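# Fold and contact review
Letter by letter, the chains look like this.
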Amino acid sequence: MNSILVLNGPNLNLLGTRQPEVYGSTTLKDIEAACVARGEALGCAVTCQQSNHEGALVDAIHAAKGVHNGIILNAGAYTHTSIALMDAIASVELPVIELHLSNIHAREAFRHKSYIAPVAIGQICGFGANGYMLALDAMKQYLG
Ligand code: CA2
């Protein structure tokens, strides 16, 4: 059975509590429960983690090697700044899908740059919490 890590970065623990007009009203806990349920439907084990710390996210990516078959990553604002996350993804050679709730390309110019995109197999953005379901479906198909 394939195992997929759903990894969320900084401030995403606040989902559903503030800025619902941008990020929706679903909490991270709800999203994580939906991911586990979708994984069960797809026949995949889904593990969810969140950290506000860049180094902890690097550690989680390293630790995924040999444990998980793919990673769905919403790196939050680190998407736009973190060469460390880019290098971590490249080093583990696991398929990563970059995920964003909002359409980062329709927002401020600084959100258009992604350090994750060049090392990801693809990017899903703009579909809110449902994007996590789309990403799980895409990862399941990618892994075969
Ligand atoms: O759209 C996304 O998923 C983002 O990764 C969210 C990040 C943002 O910096 C990226 O450009 C796009 C921000 C996450 C902040 O989450 C909050 C949730 C509720 C209240 C406040 C912040």
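All values reported here derive from a predicted model rather than from experimental measurement.

Each value, and the rule that gives it
- Within each chain, residue numbers correspond to sequence positions counted from 1 in written order.
- In view of the model being predicted, local features appear only for residues whose pLDDT reaches at least 70, and side-chain atom pairs are presented and counted only at 80 or more, with totals across whole chains, interfaces and linings using the full set of residues.
- The basis for every side-chain value is the complete set of non-hydrogen atoms in the structure, without hydrogens or water.
- Note on classification: 1.4 Å probe, protein chains only; a residue is buried when its accessible area is under 20% of the maximum for its type, exposed when over 50%, partly exposed between these limits.
- Helix and strand assignments come from DSSP, with helices taken as H or I runs of at least 4 residues and strands as E runs of at least 2, each series counted from the N terminus.
- The directions considered for the arc are those from the helix axis to the C-beta atoms.
- Two residues form a contact once any of their heavy atoms are found within 4.5 Å.
- Working definition: a disulfide is two cysteine sulfur atoms within 2.5 Å of each other.
- Whenever a carboxyl oxygen of Asp or Glu lies within 4 Å of a side-chain nitrogen of Lys or Arg, that contact is scored as a salt bridge.

## Some thoughts on helix 4 (residues 83-92)
Of all the residues in helix 4, the buried ones are Leu85, Met86, Ala88, Ile89 and Val92. Relative to the axis of helix 4, the buried residues are bounded by an arc of 160° and lie together on one face. Looking at the buried side of helix 4, the elements it contacts are helix 3 (54-64), strand 3 (70-74) and strand 4 (96-100). Backbone geometry just after helix 4 places glutamate 93 at a positive phi near 55°.

## Digging into unusual backbone geometry
In this structure, asparagine 11 takes a positive phi of about 75° despite not being glycine. Within the fold, asparagine 11 resides in the loop between strand 1 (3-8) and helix 1 (20-23). With phi around 55°, glutamate 93 is a residue other than glycine that occupies positive phi space. Here glutamate 93 shows up in the loop between helix 4 and strand 4.

## Overview of the state of the cysteines
Inspection of every chain in the model, using the stated rule, returns zero disulfides. A disulfide-free cysteine, cysteine 48 has its sulfur positioned 5.0 Å from the sulfur of cysteine 35, the nearest such atom. A disulfide-free cysteine, cysteine 125 has its sulfur positioned 17 Å from the sulfur of cysteine 35, the nearest such atom. Look at cysteine 125 and you get buried, because its relative accessible area is 16%.

## Regarding the pattern of salt bridges
One pass over the full model with this rule turns up three salt bridges. With a shortest N-O distance of 3.8 Å, arginine 107 and glutamate 108 are connected by a salt bridge. The partner of arginine 111 in a salt bridge is glutamate 108, and the shortest N-O contact between them spans 2.7 Å. By relative accessible area, glutamate 108 is classed as partly exposed at 35%. Here the salt bridges do not stand alone but share partners, grouping Arg107, Glu108 and Arg111 into one network.

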